[in-house]
Every structure is written in C-alpha cells, then in structure tokens.
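# Observations on the three-dimensional arrangement
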Amino acid sequence: MAGSGRRPEHRGPPELFYDEAEARKYTQNSRVVEIQSQMSERAVELLGLPEDRPCLLLDVGCGSGLSGDYISEEGHYWIGMDISPAMLDVAVEREVEGDLLLADVGHGIPFRPGTFDGCISISAVQWLCNADRKSHSPPKRLYRFFSTLYTVLARGSRAVLQLYPENSEQLELITAQAMRAGFTGGMVVDYPNSAKAKKFFLCLFVGTSGMLPKGLGTECANEESHQAKFTNERTRFRNVKGKSVKKSRDWILEKKERRRRQGKEVRADTKYTGRKRRPHF
C-alpha cells in the first residue's frame, strides 16, 4: 500500500496492482527510495517522539519496508501492516528489522489498546476511499480504521498519515471519519505553492489537543489557509455567537463553487442567491 511519492494512476486494489514484478521494480527504483525516505523522515519528525528512549511505531501500508528502514535508523522499533503479499515478500527478502503483518487496515488494527507510541503511513490511507468490492463502504472502512487506530495508540501520542487526496471531498471524508473516531489535529501541508513538492500530512492527536506543527515552505504564505485544524466537537458552520450559519449566502456560494469544480450544472450567482424568501400565507 505504500506509495511512490506521486499520485497513483491505477484504480484497482493495491493487493492486485503490486504483484511480484511490480513490488521488486518499486523497491529498486532509486527515486522511489529517495522520496519514500524523505516523506518517512518528515512523518517521524511530525510525531514529536521523545529523544531519550526508543519507541514502538506502527507503519500502516508499510509495503517493502522502505519507510521502516528510516524508523530503524532512528533507533525505534516498528510493526508494519500491508495488504499486498508481494510487497511484504520483498520486505522479508530485504531482511527489514520490523515485524510484518499481512492485513487490510479497512478491517481494523488488530492490536491491544495502547500498544504503540505513534503511527506513520506513507501514501496509503487514500486507498480506503476506493470501493474495490461491492461490500466496501469507504466511510465505514475509514471509520473502522481510525477508531481501532485510536485504540491501539498510547494516550498523548500521534499518528502522521501522508496521503494523496484526489479532491477536497475525499479529504473531507477522511478527516471527518478521523474526527468521528475521537482524534483531534489537522492537515499539515508542506510547500503548498509547489506543484511537485506539495505534500499532505494528516497529523492526529490521541487524547489531548496538541499544537499543530507548521508546514514547510509556508513562511511567506498565509499559514491559516494551509493548515486545516479540527477538533472532535461540532463547530463547523457556526459563528461566534453559536448560531448556525449553514445555508447562509457564503455557505451556498461555497457549495455551488464545489459543484462547478466537479463539472455539475449549477445556477448562476445573483443578488438573490442565499436571500431568505418571505413566507407565503
């Protein structure tokens, strides 16, 4: 399930796409290895781990163990989960230092509560948004993943999930299910103004709301526009007085603009857009 540092172009389930040949090709690609190492380094940095002791980390979508290699180099221990047998076979051949588990994270994380000091995932979570089988429900699979991940992480720890969302709706779906499962945190975007270097990291907190880290390359940008913070409280579409602003003019214009970007036919904006009509008697 681990990614190559670019948005996947294939649409099938990862356990079918990464056959033995693809798994070997993937792991032997020097550019893939470099990008994977860079994103793993950034993910571990965002975990904010203590410097005085080794930690046990969960690597979701560990693939052939490229991200695990960096975790080992930093002196930490790890357990990797992946849905692709071929990728895990390559990891075994490479004699990675972490333990490996063949599993579909959409079915949940099968470990005891509080087992891990943190979790990273590189280019894997977006796979859960695909309905590869008739029985698959992306919202249910995402909630199952996040709710069990919340349980297996120690209180006060973090999960940092690097992902490639296809669109804003997919990003909203992922963050909504994480919030529903009890996480707080938000999206950290590195190099938001660069088409190639831009990276999304969903930084999740367990039990306590920490300070959301700053994205790289945002020094000269408006940080608020590149960091979407959320809590597990229902505060969306509410103004400072606590009154719901859903279906206000701004809310309607934003929704219409999203539909236009999806290619849907939407009525033109006018001065009457969002205006309340008087009741008819």
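Residues numbered from 1 in each chain as written. Predicted model: local features only at pLDDT ≥ 70, side-chain atom pairs only at ≥ 80, totals over all residues. Heavy atoms only, no water.

As recorded in an unreviewed UniProt entry, the chain goes by 18S rRNA (guanine-N(7))-methyltransferase and comes from Rhagologus leucostigma. In its Subunit (unreviewed entry) section, the UniProt entry covering the chain states "Heterodimer with TRMT112; this heterodimerization is necessary for the metabolic stability and activity of the catalytic subunit BUD23. Interacts with GRIP1." Under the heading Catalytic activity (unreviewed entry), UniProt records this for the chain: "a guanosine in 18S rRNA + S-adenosyl-L-methionine = an N(7)-methylguanosine in 18S rRNA + S-adenosyl-L-homocysteine". (UniProt positions renumbered as here; feature names shortened; annotations may be inferred.)

Helix and strand content of the chain: nine helices and eight strands. The 281 residues of the chain split such that 46% are buried. Looking at the chain as shown, the accessible area adds up to about 16,200 Å², and 49% of this sits on carbon and sulfur atoms. (Helix = DSSP H or I, 4+ residues; strand = E, 2+ residues; numbered from the N terminus. Buried < 20%, exposed > 50% of the residue type's maximum accessible area, 1.4 Å probe, protein only. Areas by Shrake-Rupley, 256 points an atom, 1.4 Å probe, with all protein chains shown as cover.)

What follows deals with the environment of Phe-201. Here Phe-201 is to be found in strand β7 (residues 199-205). Classification of Phe-201 as buried rests on a relative accessible area of 1%. As for Phe-201 and Ala-43, which are separated by 158 residues in sequence, their C-alpha atoms are 7.5 Å apart.

This part takes up the packing of aromatic side chains. Under the definition given, this model contains four aromatic pairs. With centroids separated by 4.9 Å and ring planes inclined at 55 degrees, the aromatic side chains of Phe-145 and Phe-146 adopt a geometry described as tilted. Residues Phe-145 and Phe-146 agree in their burial class; the two are buried. Relative to Phe-183, the ring of Tyr-150 has its centre 5.1 Å away and its plane inclined at 80 degrees; by these criteria the two rings are edge-to-face. In this pair, Tyr-150 is assigned in helix α6 (residues 138-152) and Phe-183 in the loop between α7 (168-180) and β6 (184-190), connecting sequence segments 33 residues apart. Take Phe-183: its relative accessible area is 0%, and that puts it in the buried class. (Phe/Tyr/Trp six-rings, centres within 6.5 Å; stacked < 30°, edge-to-face > 60°.)

Counted residue by residue, strand β1 (residues 56-60) has four buried out of five residues, so it is predominantly covered. With five bridges joining them, β1 and strand β2 (residues 77-82) adopt parallel strand pairing. Within β2, the residue paired with Leu-58 across the bridge is Ile-79. Once you follow β1 into helix α4 (residues 66-73) and on to β2, the crossover reads as right-handed. For β1 and strand β4 (residues 116-122), the ladder comprises four bridges, and the chain directions are parallel. Bridging across to β4, Asp-59 finds its partner in Ile-120. (Pairing = 2+ DSSP bridges. Right-handed = clockwise from strand over helix to strand, strands pointing away.)

A few words on the nonpolar core. With 32 residues, the main nonpolar core has Phe-145, Phe-146, Leu-149, Leu-161 and Phe-183 as its most contacted residues. Listed by contribution, the elements that provide at least two residues to this core are β1, β2, β4, α6, β5 (153-163), α7, β6 and β7. Of the residues forming this core, the biggest block, five residues, is contributed by α6. Every residue in contact with Phe-145, bar those within four places of it in the chain, is listed here: Val-60, Val-105, Ile-109, Val-125, Leu-128 and Leu-161. Among the nonpolar cores identified, the runner-up in size contains 25 residues, and Ile-122, Val-160, Tyr-164 and Val-188 belong to it. (Core = buried A, V, L, I, M, F, W, Y, C linked by side-chain atoms within 4.5 Å. Contact = heavy atoms within 4.5 Å.)

Attention now moves to the pairing of β5. The pairing of β4 with β5 spans six bridges and is parallel. Note that in β5 the partner of Gly-118 across the bridge is Arg-158. As paired elements, β5 and β7 share six bridges and run antiparallel to each other. Note on β7: the bridge partner recorded for Leu-161 is Leu-202.

Next up on the list: α4. Extensive coverage of α4 is indicated by the burial of six of its eight residues. Within α4 the residues assigned to the buried category are Leu-66, Ser-67, Gly-68, Tyr-70, Ile-71 and Ser-72. One or two positions beyond α4, positive phi appears at Gly-75, with a value near 90 degrees.

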